[in-house]
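# Descriptive analysis of the structure
Residues per chain, in single letters:
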Amino acid sequence: MADQSIAGVAGGMATAVEGDRSARARLVILLLCLALGVSIFLSLTSGASDASAVGVIGDWLFGSVPGDAALNARDQLIVWDIRMPRVLLGVLIGAALAVSGAVMQGLFRNPLADPGLIGVSAGSSLGAVAVIVLGATVLAPVTALLGTLALPLAAFVGGLATTLVLCQVATRRGQTSVATMLLAGIALAALAMALTGILIFMADDRQLRDLTFWQLGSLAGATWQKIGSVGPVIGLALAAMPFLARGLNALALGEATAGHLGIPVQRLKYTAIVGVSAAVGASVAVSGGIGFVGIVVPHLLRLLIGPDNRYLLPASALLGASLLLLADAVARTIVAPAELPIGIVTAIAGAPFFLWILLRKRGIVDL
Amino acid sequence: MIEARDVSVAIAGKPIVAGVDFEARPGEVAAIVGPNGSGKTTFLKALSGELSYTGSIALNGRDMSVMKAVEAATQRAVLPQATTLSFPFTVREVVKLGLVGGRSGVLPGEDARLPERALARVDLEGFAGRFYQELSGGEQQRVQLARVLCQVWAPVLDGKPRYLFLDEPVSSLDIKHQLIIMNIARDFARRGGGVIAILHDLNLTAMYADRIHVMHRGRLAAAGAPQDVLSDELIEKVFDCRLKVGVLPTGNVPFVLPQSAA
């Protein structure tokens, strides 16, 4: 029982009151902060070129060493303009996907809810592909008006529409049926993918190549400009999530009981849905379909610190960011000098994990 | 005081509760009894704001329909018949959820140990670190009661009485814990709060209730003190069962009444 030994080790480190895992959770969050720091440092220092992030940061802090100016300029370009945006994007998207997964699981009261599995990402993709393919023709007025925000906004609208339909279909009188949720998610994803297929059919060769790589999911092509367009959206969505934590905790007892406890349930649900759609939409818009982060990260953390969302949400953000940087490092190096789409890496690692959850929890999940 | 006047509830167009008048006074345990499907739970759900209704319900003089969730949560706590939990919470974490929205009414410093005190009251001392899902049905029911008690720990807050709404609080409990839970309810009332409890055990009801409301086919069939309400005629009419009140079994059949508890 791997999870019990993990929990046992963590429990031995910090237990204050019996049944109270908050001290352990705080410790884990602290360790995850350190882990993220290390991941960021490693991502900045590793890459195809031998540019030294240490040197660049040293220069930045203490002034450059004379005589080395040309080399420094090249290293600075690589570290600041190529690696840094990519690392930041990885952090933002890893955090967004993991937190979105945790919030959706709280909302649907089920550990299997994940934006990628239940069609939210597919809906976002449809919105994004529509802008990519039709941006110069049918949707030209929209793209002209919104500029670089058109893509993330379209992805947001697509994700939001999918989630709202899903909520309507899967939730009856405050009870969400898991089977209905997953099946409705599959149907919605299929529909979104079919519509996406029509758009791809209409695309020209150049768009097609863009679309293929984008759909597989990748952090390649990260620029400061992309960070500028999705950073605020993801940042805002992530900043709103901690305010949902207490309500999501109460929601674990059911919608009616959460209401009895004084939680404004409808407002909570819609805030969560809008927040998740924004975070997932923005992520999909820049990096395509990166799957399984939203299900693997919160699940691992629940084994470690329990399901209290006040700790689960920040811990998910930190672990999601670290894991995505790790996956990106694998994607960049495993077939170097070429690069594997990161979505393939997360799927290869995440899909077996998902199956393992299903096997382990067959009784509880109760499909 | 909780006052319901002419309350009706329809679910999917079907009338479940029709024209019920109901009162629950502070200092009293008000029991709701009646056969299965007579609308007891539906009526309690209207009282707790979970279902929409026609008629009027006032909680301490305030119209329920204009009350926000958080305001209602400071004045009453609700124990549902059964609660399923979707994630592996520990017992302590579940009980602590009672403190999420309302006001326990204890001093700020005392809140921290309230889950332990509530667990001790429902005879679950030492269960704090166990996982909720691992407990038996009766133990889970008592954990939920401990959560509910945390929410309205002080029966009177800011000079206003507070209420416990209990839907079959003892249905899955052994006799010892039935008595413990009913004593908690009576104690809550004696200290100035009010209790509304749906019960099935008529002996337990007669022992603990100050006032009984009998529901039958969605309507109120009778209301009053136990000795006035529990009659042979009423029981035959409502429960469709020819039973006699206060008749001892003949012969050698043993019987155990909660009233005999020392």
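Residues numbered from 1 in each chain as written. Chains lettered and ligands numbered in written order. Predicted model: local features only at pLDDT ≥ 70, side-chain atom pairs only at ≥ 80, totals over all residues.

The name recorded for chain B in an unreviewed UniProt entry is Hemin importer ATP-binding subunit, from Mesorhizobium amorphae CCNWGS0123. Its UniProt record gives chain B a comment under Function (unreviewed entry), which states: "Part of the ABC transporter complex HmuTUV involved in hemin import. Responsible for energy coupling to the transport system." A UniProt comment under Sequence similarities (unreviewed entry) is attached to chain B, and it reads "Belongs to the ABC transporter superfamily." (UniProt positions renumbered as here; feature names shortened; annotations may be inferred.)

The name given to chain A in an unreviewed UniProt entry is Transport system permease, with Mesorhizobium amorphae CCNWGS0123 as the source organism. Its UniProt record, at the heading Subcellular location (unreviewed entry), says of chain A: "Cell membrane". Under the UniProt heading Sequence similarities (unreviewed entry), the entry covering chain A gives this text: "Belongs to the binding-protein-dependent transport system permease family. FecCD subfamily."

### Some details on the nonpolar core
A96, V99 and A282 of chain A together with A185, V195 and I196 of chain B are the most contacted members of the largest nonpolar core, which totals 185 residues. Here this core gets 16 residues from one element, more than from any other, and that element is helix α4 (residues 69–107) of chain A. Discounting residues that sit within four places of it in the chain, V99 of chain A has contacts with L238, M241, A279, L313, S316, A317 and G320 of chain A. (Core = buried A, V, L, I, M, F, W, Y, C linked by C-beta atoms within 7 Å. Buried ≥ 20, exposed ≤ 12 C-beta atoms within 10 Å, placed from the backbone. Helix = DSSP H or I, 4+ residues; strand = E, 2+ residues; numbered from the N terminus. Contact = placed C-beta atoms within 7 Å.)

### So, the packing of helix α7 (residues 150–170) of chain A against helix α13 (residues 265–287) of chain A
Residues and elements named next belong to chain A. Running from N to C, α7 and α13 point in directions that differ by 135°, and their axes come no closer than 7 Å. Classified by the angle their axes make, α7 and α13 are oblique. Judged by the twist between their axes, the crossing of α7 over α13 is right-handed. Residues L151, P152, A155, F156, G158, G159, L160, T163, L164 and C167 of α7 touch α13, and the partners they reach there are I273, V274, V276, S277, A278, V280, G281, A282, V284 and A285. In the contact of α7 with α13, the residues fall into 15 nonpolar, 5 polar and no charged. (Axes fitted to C-alpha atoms, helices over the stretch in contact; angles between N-to-C directions. Parallel < 35°, antiparallel > 145°, perpendicular 65-115°, else oblique. Left-handed = near helix turned anticlockwise from the far one by under 90°. Nonpolar A, V, L, I, M, F, W, Y, C, P; charged D, E, K, R; others polar.)

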